[in-house]
Structure formats: C-alpha cells, structure tokens
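These are the residues of each chain, in order.
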Amino acid sequence: MLVFGIEDPQIWLAYILCILSALGCMVYGALNWKGGEEEQAVKSGTQITAIQDQ
C-alpha cells in the first residue's frame, strides 16, 4: 500500500484506527447528546431527597 509515500502497514493501521476512533466518538456523542441532562436531574433529585431525610 504505497500511498502518500507510506510503506509501513502499521502506520496505515494507526491512521485507520485514529479515524475510526474519532468517528466512534462522534456517533457516541450524537446518540447521547441529551442523556447527560437526564442523569444530572436524577442525581440532583437524589441529593434533595437525601437532604430532606436528614
């Protein structure tokens, strides 16, 4: 695979894995875009309940 002058397949593997990792992070972020707000509401609700119980 002599493209762009890079002959070593391990270098190509590193490039491909970096690109796939970045795409995976973007997909994960898009799927969980609003998920953080719901978790925060549950946590704050639990804290309020714990304070009221004291």
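To be clear, the structure that these remarks concern was listed above.
In this report, the structure presented in the accompanying data block is examined. Throughout, a residue's number is its position along its own chain's written sequence, starting from 1. Thresholds applied to this predicted model are a pLDDT of at least 70 for local features of residues and 80 or more for the giving and counting of side-chain atom pairs; totals over whole chains, interfaces and linings are not thresholded and use all residues. Side-chain measures here rest on the full set of heavy atoms in the structure, leaving out hydrogens and waters.

1. Let's talk about the overall build of the protein
Rules: Helix and strand assignments follow DSSP, with helices taken as H or I runs no shorter than four residues and strands as E runs no shorter than two, numbered in order from the N terminus. Residue exposure (1.4 Å probe, protein chains only): buried if accessible area is under 20% of the type maximum, exposed if over 50%, otherwise partly exposed. Methods summary: accessible areas were calculated by the Shrake-Rupley approach with a probe of 1.4 Å, and residue burial reflects only the protein chains presented.
Within the protein, the secondary structure is distributed over two helices and zero strands. Residues classed as buried in the protein amount to 4% of the 54 residues present. Counting every atom, the protein has about 5,100 Å² of accessible surface; 66% of that belongs to carbon and sulfur.

2. Considerations on a nonpolar patch on the surface
The cut-off we apply is this: Patches here are clusters of residues that have more than 30% relative accessible area and form no salt bridge, with a 9 Å joining cutoff for like charges and a 5 Å cutoff for nonpolar side chains (Val, Leu, Ile, Met, Phe, Trp, Tyr). The term salt bridge refers to a pairing of a side-chain nitrogen on Lys or Arg with a carboxyl oxygen on Asp or Glu at a separation within 4 Å.
Together, Leu13, Ile16, Leu17, Ile19, Leu20, Leu23 and Met26 line one region of the surface with nonpolar side chains, adding up to about 690 Å² of accessible area. Inspection of the secondary structure puts Ile16 in helix H1 (residues 9–31).

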